[in-house]
Every structure is written in C-alpha cells, then in structure tokens.
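What follows is the residue order along each chain.
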Amino acid sequence: MPVANVKINHKDMATNKDNFFVVTPTRDDDAFKAQVKKEIDESFGEQGIYNYLKPSIDELEKVIDFKNSEYAKSHNIEHMPSGDINPIIVAGKEFKHEDFLEFANQFADTLAFQYLEEPDDAKAGFGSR
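Residues numbered from 1 in each chain as written. Predicted model: local features only at pLDDT ≥ 70, side-chain atom pairs only at ≥ 80, totals over all residues. Heavy atoms only, no water.

Draft legend 1. Structural detail: helix H2 (residues 48–63). Compared with the 22 Å implied by 1.5 Å per residue over 16 residues, the 24 Å span of H2 between its first and last C-alpha is a close match. The sharpest bend along H2 reaches about 50° and sits at Lys54, with the proline Pro55 one to four residues further on. Considered for burial, the residues of H2 that qualify are Gly48, Ile49, Tyr50, Ile57, Leu60, Glu61 and Val63. Among the structural elements, helix H1 (30–43) and helix H4 (100–117) are those in contact with the buried residues of H2. Directly beyond the C-terminal end of H2, a positive phi value near 50° is found at Asp65. (Helix = DSSP H or I, 4+ residues; strand = E, 2+ residues; numbered from the N terminus. Expected span 1.5 Å × (residues − 1). Bend = angle between axes of the 7 residues up to and from the residue. Buried < 20%, exposed > 50% of the residue type's maximum accessible area, 1.4 Å probe, protein only. Contact = heavy atoms within 4.5 Å.)

In structure tokens, the structure reads:
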C-alpha cells in the first residue's frame, strides 16, 4: 500500500452480509423504482451523488493505489468508473447498484474488513507517519 508501506495480512472474509445491513425492498414496480431514483437524486442536489462522493473516491483510489492495481491494468484505466447511479431493485432481493458506487463499495468494504480483522493496531491503521 502506498500510504505507509506496510505489508497487508489478508484473511478469509465472510461470504454473507449480516441481515441488518442488507436492504431488501418489498416491491419493484416502475413507480417505486422511479421514486427511489428521484429520492437519491434529490438527496444530493445539483452536484449529484458522484460529485458529492468524488473526494472520498479520490482518497480511496490513493489508499488502494488503484492506478497500479491488477484490475486497473487489465482494464487499461487509471481511475474508478464514474457517472450516474443505476440502482437494481428486485422485490425480495438485496438492493444493488450497477455503477461506480457498487464498484467503490467493494473496495471500501475490503478495507473495513481488513481494519476490523487486523490484530496489529499499526497495520490496521495503515502504519504511522
């Protein structure tokens, strides 16, 4: 990792999320989907969700050294995907995204698990300055 030059100790991760964190809508009609999209858009105003989250996404790219990752190299990209959100809503199924937010969440979740599972405080905190 470029932040503190610490060796990462990868551990097995759970395969299922805790049900408390899983959002499962009970309906998926077109009106409901449109309402969800409208409320998400309204929550972030004219700047939109991507621009609102851009500073955090930029920081995440630095922390994980995204431009030098195998994923970035194999897809010939230097930055995480950007753009509008595309929520996938299916009644009784976990709420998902098919967009930059889902992509960034996968990396952020991995960092959070690493932090929570690492017994060494210096490693969990990505070293010291």
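Picking up after the structure, the text goes on.
Draft legend 2. Expanded view of the pattern of salt bridges. As enumerated under the stated definition, the model contains four salt bridges in all. Its salt-bridge partner being Arg27, residue Asp29 comes within 2.8 Å of it at the nearest N-O pair. Owing to a relative accessible area of 41%, Arg27 belongs among the partly exposed residues under this scheme. (Salt bridge = Lys/Arg side-chain N within 4 Å of Asp/Glu carboxyl O.)

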